[in-house]
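Here are the chains, one letter per residue:
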Amino acid sequence: MTASGDDDSGNRDEAGMRTKRRHVMAGAVAVAAVVVSGCSPGPTTAALPASAATATEQAADTSVDRQGSASPVSDPAGRVASTARGSTTVYAVGDIGDCGGDPAATSRLIPRGATLLALGDLAYPNGSMADFRNCYLPSYGKHRPATHPVPGNHEYYDYPELAYFDVFGKRAGSREKPWYTLRRGAWTVYQLNSNCSFFPGDCGSKSRQYRWLRRHLADHPARCIAVSWHHPRWSASEHGPEEAMGPMYRLLSKRGADLLLSGHEHNYQRFPRLSPAGKPDPAGLRQIVVGTGGAGLYSREPAAVEPTVFDSEHHGVLQLRLSEAGYSWKFLSADGAQVDSGSDTCG
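Enumeration over the complete set of coordinates arrives at 3 disulfides. Between the sulfur of cysteine 196 and that of cysteine 203 lies a disulfide, 2.0 Å long from S to S. Classification of the bridge connecting cysteine 196 and cysteine 203 rests on its S-S torsion, roughly -100 degrees, and on that basis the disulfide is left-handed. In this pair, the class of cysteine 196 matches that of cysteine 203, namely buried. The residue that forms a disulfide with cysteine 224 is cysteine 346, at a sulfur-sulfur distance of 1.8 Å.

Have a look at this one:
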């Protein structure tokens, strides 16, 4: 595999890197186990309240669902949304709906109707319906029909209501199974949940999500594989690397996955392809952190595994062009600054 835009010489061994657990509500783990086991009421099917979106947005949602162009459809292994094979452009960004920030500036960078991978922490401070109404939908509501999200820790601050699932409906999976896949051309995109503490088995090899992922990877081989989850496996910023996602990372590396997209850290970080041990590996996963959707930005911190590119000066979104042979990336900054771009092969 070849790549352009990299200087990987600054990476160091993973040993000794600090770990910072996710922010979760005290006592929620035990309660969450009951929800996942099916002992609590199932996911709500209530429609998004009319006040949470304009009539135009609601009509757009209905139209897309009817045409089937952006809504997931069921298959035995999970939720899948399909498009024709060939080159396609998608956008990715997380940490968006902060009423004290500027999500409107990044929303303008995304064409209406373009596929958006929303990388979690979408509505601050607590992911409630009021937060979505006030801080997310005014700027990003127009993208909702083509948004495929993963939840962040702020969405789970609204536990057990979890308004996130009411806002995005079936495109987000379900409260009990909040993981799913998309197909975009030659690419399969896995949308996973890194809020591990809310599920029995955490995100380890015995967890339901891990077993689903392992089975789907085996049953649905793909030349090119991308993955989204909120908490970055590697990070040189405030929260540090997310070790709980290590088992998922190892599984995906073993299966030849190419690209990992994350948020959580409010900055832009691009890593080289790395092994599960955090060492440069031409066959490893490349992680790009895009927590630049509108919330206040975080500075750089010392890290055992260093990114090739780090930027905490610009809000923006990641533009990805996915082809049969690989992908290219470009960070589109809200002020037009040139931050990062490059390309790589897949498979």
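On we go from here.
On to the side chain of serine 235. By secondary structure assignment, the location of serine 235 is in the loop between β9 (224-228) and α8 (246-254). Here serine 235 falls in the buried class, since its relative accessible area comes to 4%. From its side chain, serine 235 meets the backbone nitrogen of serine 237 in a polar contact 3.2 Å long. For serine 235, the side chain forms a polar contact with the side chain of glutamate 265, separated by 2.7 Å. Those residues in contact with serine 235 that lie beyond four places of it in its chain are Gly240, Pro241, Glu265, Gln269, Phe271 and Ala303.

What follows deals with the confidence of the model for the protein chain. Looking at the protein chain, the pLDDT average stands at 82 and 75% of residues meet or exceed 70. Low confidence marks residues 6-84, where pLDDT is under 50. Its contacts with residues over four positions away, or in another chain, come to 165 contacts.

Evaluation of the coordinates by the stated rule reveals 6 salt bridges. For aspartate 258, the salt bridge is made with arginine 273, and the minimal N-O distance between the two is 3.3 Å. Residue aspartate 258 is located in the loop between α8 and β10 (259-262), and its partner arginine 273 is located in strand β11 (residues 268-274); the two are separated by 15 residues in the primary sequence. According to the relative accessible area criterion, aspartate 258 is buried, its value standing at 0%. Exposure remark for arginine 273: the relative accessible area of 6% places this residue in the buried category. If you follow the salt bridges from partner to partner, you end up with Asp258, Arg273, Arg286 and Asp344 in one network.

Another point: the nonpolar core. Nonpolar side chains in soluble globular proteins tend to end up buried together. Judged by nonpolar contacts, the single largest core of 78 residues is most densely connected at Phe132, Tyr136, Leu213, Trp229, Leu261, Leu318 and Leu320. Aside from chain neighbours lying at most four places away, what touches tryptophan 229 is Val150, Leu192, Ser194, Met245, Met248, Tyr249, Leu252, Leu260, Leu261, Ser262 and Gly263.

With 4 of 5 residues buried, strand β7 (residues 180-184) is to be regarded as a mostly interior element. Taken together, the 5 bridges between β7 and strand β8 (residues 187-191) define a ladder with antiparallel strand orientation. Note on β8: the bridge partner recorded for arginine 184 is tryptophan 187. Following β7, the chain reverses through 2 residues before pairing antiparallel with β8; glycine 185 in that reversal takes a positive phi of roughly 60 degrees.

Next up on the list: the packing of helix α7 (residues 208-219) against α8. Viewed as axis vectors pointing N to C, α7 and α8 meet at an angle of 5 degrees, and their least axial separation amounts to 11 Å. In this view, α7 runs roughly parallel relative to α8, as classed from their interaxial angle. Where α7 abuts α8, its residues Gln209, Tyr210, Leu213, Arg214 and Leu217 lie against Pro247, Met248, Leu251 and Leu252. Its residues placed into classes, the contact of α7 with α8 shows 7 nonpolar, 1 polar and 1 charged.

About the criteria used
- Residues numbered from 1 in each chain as written.
- Predicted model: local features only at pLDDT ≥ 70, side-chain atom pairs only at ≥ 80, totals over all residues.
- Heavy atoms only, no water.
- Disulfide = S-S within 2.5 Å.
- Buried < 20%, exposed > 50% of the residue type's maximum accessible area, 1.4 Å probe, protein only.
- Helix = DSSP H or I, 4+ residues; strand = E, 2+ residues; numbered from the N terminus.
- Polar contact = N/O pair within 3.5 Å; in protein donor to acceptor, adjacent residues only side chain to side chain.
- Contact = heavy atoms within 4.5 Å.
- pLDDT = per-residue confidence, 0-100.
- Salt bridge = Lys/Arg side-chain N within 4 Å of Asp/Glu carboxyl O.
- Core = buried A, V, L, I, M, F, W, Y, C linked by side-chain atoms within 4.5 Å.
- Pairing = 2+ DSSP bridges.
- Axes fitted to C-alpha atoms, helices over the stretch in contact; angles between N-to-C directions.
- Parallel < 35°, antiparallel > 145°, perpendicular 65-115°, else oblique.
- Nonpolar A, V, L, I, M, F, W, Y, C, P; charged D, E, K, R; others polar.

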